[in-house]
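Geometric and topological summary
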Amino acid sequence: MFGEEKPVGVAVLGLGNVGRELVRIIEDTAGDLAARIGAPLALRGIGVRRVAADRGMPVELLTDNIEELVTREDVDIVVELMGPVEPARKAILSALEHGKSVVTANKALLSQSTGELAQAAENAHVDLYFEAAVAGAIPVIRPLTQSLAGDTVVRVAGIVNGTTNYILSEMDRTGADYARALADASALGYAEADPTADVEGYDAAAKAAILASIAFHTRVTVDDVYREGITKITPDDFASARALGCTIKLLAICERITTEQGQQHVSARVYPALVPLTHPLASVNGAFNAVVVEAKAAGRLMFYGQGAGGAPTASAVAGDLVMAARNRVLGSRGPRESKYAQLPVLPIGFTSARYYVRMYVADNPGVLSSVAAEFAKRAVSIAEVRQEGVVDEDGQRVAARIVVVTHNATDSAVSETVAALADLDVVQRVAAVLRLEGTGP
Ligand code: NAP
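Residues numbered from 1 in each chain as written. Predicted model: local features only at pLDDT ≥ 70, side-chain atom pairs only at ≥ 80, totals over all residues. Heavy atoms only, no water.

**Let's talk about the packing of helix 1 (residues 17-28) against helix 12 (residues 310-330)**
For the pair helix 1 and helix 12, interaxial distance at closest approach is 8 Å and the crossing angle is 55 degrees. Of the possible angle classes, the one that applies to helix 1 and helix 12 is oblique. The hand of the helix 1/helix 12 crossing is right-handed. For the pair helix 1 and helix 12, contact is made by Asn 17, Val 18, Glu 21, Leu 22, Ile 25 and Ile 26 and by Gly 310, Ala 311, Thr 313, Ala 314, Ser 315, Val 317, Ala 318 and Leu 321, respectively. Its residues assigned to classes, the contact of helix 1 with helix 12 shows nine nonpolar, four polar and one charged. (Axes fitted to C-alpha atoms, helices over the stretch in contact; angles between N-to-C directions. Helix = DSSP H or I, 4+ residues; strand = E, 2+ residues; numbered from the N terminus. Parallel < 35°, antiparallel > 145°, perpendicular 65-115°, else oblique. Left-handed = near helix turned anticlockwise from the far one by under 90°. Contact = heavy atoms within 4.5 Å. Nonpolar A, V, L, I, M, F, W, Y, C, P; charged D, E, K, R; others polar.)

**Observations regarding the side chain of Ser 94**
With respect to the element layout, Ser 94 can be found in helix 4 (residues 85-97). Classification of Ser 94 as buried rests on a relative accessible area of 7%. (Buried < 20%, exposed > 50% of the residue type's maximum accessible area, 1.4 Å probe, protein only.)

**Here we look at the nonpolar core**
Core analysis: the biggest nonpolar cluster contains 80 residues, and Leu 144, Val 153, Val 156, Ile 167 and Leu 274 have the highest contact counts within it. Other than its neighbours up to four places away in sequence, Val 153 contacts Leu 144, Leu 148, Ala 215, Phe 216, Arg 256, Val 293, Glu 294 and Ala 295. (Core = buried A, V, L, I, M, F, W, Y, C linked by side-chain atoms within 4.5 Å.)

**Details of the sheet that holds strand 4 (residues 77-80)**
Pairing in this open sheet of six strands is parallel, and the strands run 3-2-1-4-5-6 from one edge to the other. The open sheet has two edge strands, strand 3 (62-63) and strand 6 (128-129), and neither has a second partner. When strand 4 meets strand 5 (residues 101-104), the two strands line up parallel, connected through four bridges. Following the sheet pairing, Glu 80 is matched in strand 5 by Thr 104. (Pairing = 2+ DSSP bridges.)

**Regarding helix 4**
Taking 1.5 Å of rise per residue, 13 residues should cover 18 Å, and helix 4 covers 18 Å from first to last C-alpha, within 8% of that figure. For helix 4, the complete set of buried residues consists of Ala 88, Ala 91, Ile 92, Leu 93, Ser 94, Ala 95 and Leu 96. Phi turns positive one or two residues past the end of helix 4, at Gly 99, with a value near 80 degrees. (Expected span 1.5 Å × (residues − 1).)

**Some points on the packing of aromatic side chains**
How two aromatic rings sit relative to each other is given by the distance of their centres and the angle of their planes. Applying the stated criterion to the full structure yields two aromatic pairs. Judged by centre distance (4.7 Å) and plane angle (45 degrees), the ring pair of Tyr 166 and Tyr 190 falls under tilted. Taken as a pair, Tyr 166 in helix 7 (residues 162-174) and Tyr 190 in the loop between helix 8 (178-187) and helix 9 (196-199) lie far apart in primary sequence, 24 residues in all. Judged by centre distance (5.3 Å) and plane angle (5 degrees), the ring pair of Phe 288 and Tyr 304 falls under stacked. You can see Phe 288 sitting in strand 11 (residues 288-295) and its partner Tyr 304 sitting in strand 12 (residues 299-306), a full 16 residues away along the chain. Sitting over the face of the ring of Tyr 129, Arg 142 holds its NZ or CZ atom 5.4 Å from the ring centroid. Over the aromatic face of Tyr 271 sits the side chain of Arg 435, whose NZ or CZ is 4.1 Å from the ring centroid. (Phe/Tyr/Trp six-rings, centres within 6.5 Å; stacked < 30°, edge-to-face > 60°. Lys NZ or Arg CZ within 6 Å of the ring centre and 35° of its normal.)

**A few points about the site of the ligand**
If you check the shell around the ligand, you find 21 residues, and the closest are Leu 15, Val 18, Arg 50, Arg 55 and Gly 309. Here an oxygen atom of the ligand sits 3.0 Å away from a polar atom, N or O, in the main chain of Asn 17. For the ligand, an oxygen atom lies 2.8 Å from a polar atom in the backbone of Arg 50. Computed on the free molecule, the ligand has an accessible area of 900 Å², of which 81% lies beneath the protein chains in the complex. Taken together, the residues of the shell around the ligand break down into 10 nonpolar, seven polar and four charged. (Near = heavy atom within 4 Å. Polar contact = N/O pair within 3.5 Å; in protein donor to acceptor, adjacent residues only side chain to side chain. Areas by Shrake-Rupley, 256 points an atom, 1.4 Å probe, with all protein chains shown as cover.)

**Describing the UniProt feature "binding site: NADPH" (unreviewed entry) in the protein chain**
Using the residue numbers shown here, the UniProt feature "binding site: NADPH" (unreviewed entry) corresponds to Lys 107. Lys 107 gets classed as partly exposed once you look at its relative accessible area, which sits at 27%. For Lys 107, the residues in contact, after removing those within four places along its chain, are Ala 133, Asp 203, Ala 206, Lys 207 and Ile 210. (UniProt positions renumbered as here; feature names shortened; annotations may be inferred.)

**As for the packing of helix 5 (residues 107-124) against helix 10 (residues 202-215)**
The description of two helices packed together rests on the angle between their axes and the distance between the axes. Contact geometry for helix 5 and helix 10: axes closest at 8 Å, N-to-C directions at 50 degrees. Judged by the inter-axis angle, helix 5 sits oblique to helix 10. The two elements helix 5 and helix 10 meet at a crossing, and its hand is left-handed. Residue-level inspection shows Lys 107, Leu 110 and Ser 111 of helix 5 in contact with helix 10, the latter providing Asp 203, Ala 206, Lys 207, Ala 209 and Ile 210. Its residues assigned to classes, the contact of helix 5 with helix 10 comprises four nonpolar, one polar and three charged.

**With respect to the side chain of Lys 249**
Mapped onto the secondary structure, Lys 249 falls in strand 9 (residues 246-258). The buried charged residue Lys 249 lacks any salt bridge, with Asp 172 as its nearest oppositely charged partner at 6.3 Å. A polar side-chain atom of Lys 249 sits 2.7 Å from the main-chain carbonyl oxygen of Val 284. Other than its neighbours up to four places away in sequence, Lys 249 contacts Ile 159, Asn 165, Leu 168, Ser 169, Tyr 271, Pro 272, Ala 273, Val 275, Leu 281, Ala 282, Val 284 and Asn 285. (Lys, Arg positive; Asp, Glu negative; His and termini not counted. Salt bridge = Lys/Arg side-chain N within 4 Å of Asp/Glu carboxyl O.)

**Thoughts on the UniProt feature "binding site: L-homoserine" (unreviewed entry) in the protein chain**
UniProt feature "binding site: L-homoserine" (unreviewed entry): in the numbering of this structure it lies at Glu 192. With respect to the helices, strands and loops of the structure, Glu 192 is situated in the loop between helix 8 and helix 9.

**Considering unusual backbone geometry**
Residue Pro 87 follows Glu 86 across a cis peptide bond; omega there is 15 degrees. For Pro 87, the position within the fold is in helix 4. A positive phi angle, close to 60 degrees, is found at Ala 135, a residue other than glycine. Along the chain, the position of Ala 135 falls in the loop between strand 6 and helix 6 (141-147). The class of Ala 135 is buried, set by a relative accessible area of 1%. For Ala 379, which is not a glycine, the phi torsion comes out positive at approximately 60 degrees. Assignment of secondary structure puts Ala 379 in the loop between helix 13 (367-377) and strand 14 (382-391). Taking relative accessible area as the criterion, Ala 379 reaches 68% and is therefore assigned exposed.

Given below as structure tokens:
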């Protein structure tokens, strides 16, 4: 039935965790994919670094000559699953310039170079799809670009990094400190040998840039995203969070913010935050991801599932591949980059949140009022204060721990307050400053 149609030629770059699973899907479900596309897919070649490695794959399909593969006449779609920014960027640009549609899962590249890649796709009138670049198997790019194309997205907030979510979930569940939870994550294969990109929030920031760009029709790069990682989170933070009915999650937050003057801005930020246990993101545990989208007419939508892993990620890549192939067969294109709004990015100092500040102070009368005065001076309104004694091994009170929870305040006002608190003689140290999300003003 599908023998007559001209096949759609596919080149896959990378045969690692995701590439292997994609090739398996292409081979195992060839008949179904052909029916959905209207023509069969033909795998023309697979780009790798080490052609000689034994991979259970016909060796004539493998090549380390990426440039030759992506420019072949019989290749219509290039699927980039190699990873690093380079050589992926060069390969994708070359493919686009030669009129190939491109599917990629490369969030690091997209968060730096969306503009360049989108322009090259535009010039060549071809598709550039990247559903797998954010939250693995979870459909979130296509809902934002297509299903919500008629609505106004106001907020996208999510847990988009499985490694950090596993670590924080374990710290919460077992009381382990950060180092032990990271070691467990590494032993189980959830953390890479160098976990910096995950634990310092770089990976989540790349995804936030991609989400903010498509949600708000504005080019946002990773350099526009404010970022804090999870390495300073302690068991004490979890104890305080629990006392407040919260847990701690690394969140990527993209917001459309309207200033008092009526100007619209975009804010994109990544940080660990206290999240109430009643919030839907609080129950996203282990290596799972979830994204909550709020749009004016649709209200709140939640997307949940496996944010990484070879097969789940390959599912999202295969979906893009089918879309791009169908467009080739029909001679059409999917939606192109939408950047008409070009909203300015709001610096972190101007964004507002509720804050949790934990400090250790001298256990003397009047200290609490000195602390409260520093908040008041900068118009940071206090919602809740808890003070308790800290005792030494002989049971003597040696200090007091004060936890302050604020109402909504700007980041700059809270930063100034914290700096002033640290300078007070009665304050021994400010141990933690975390935001509260999902609790209202
Ligand atoms: P991986 O297991 O490290 O595999 C990378 C593959 O690319 C290998 O086959 C490697 O060849 C090939 N490669 C790397 N550099 C190359 C070069 N210079 N020239 C030719 N081939 C090269 O990576 P992965 O986990 O499958 O990830 C692939 C992409 O998907 C990345 O962009 C990643 O960020 C993204 N992604 C991954 C996941 C996930 O869960 N793994 C989730 C979402 C997105 P050799 O085999 O010869 O070394």
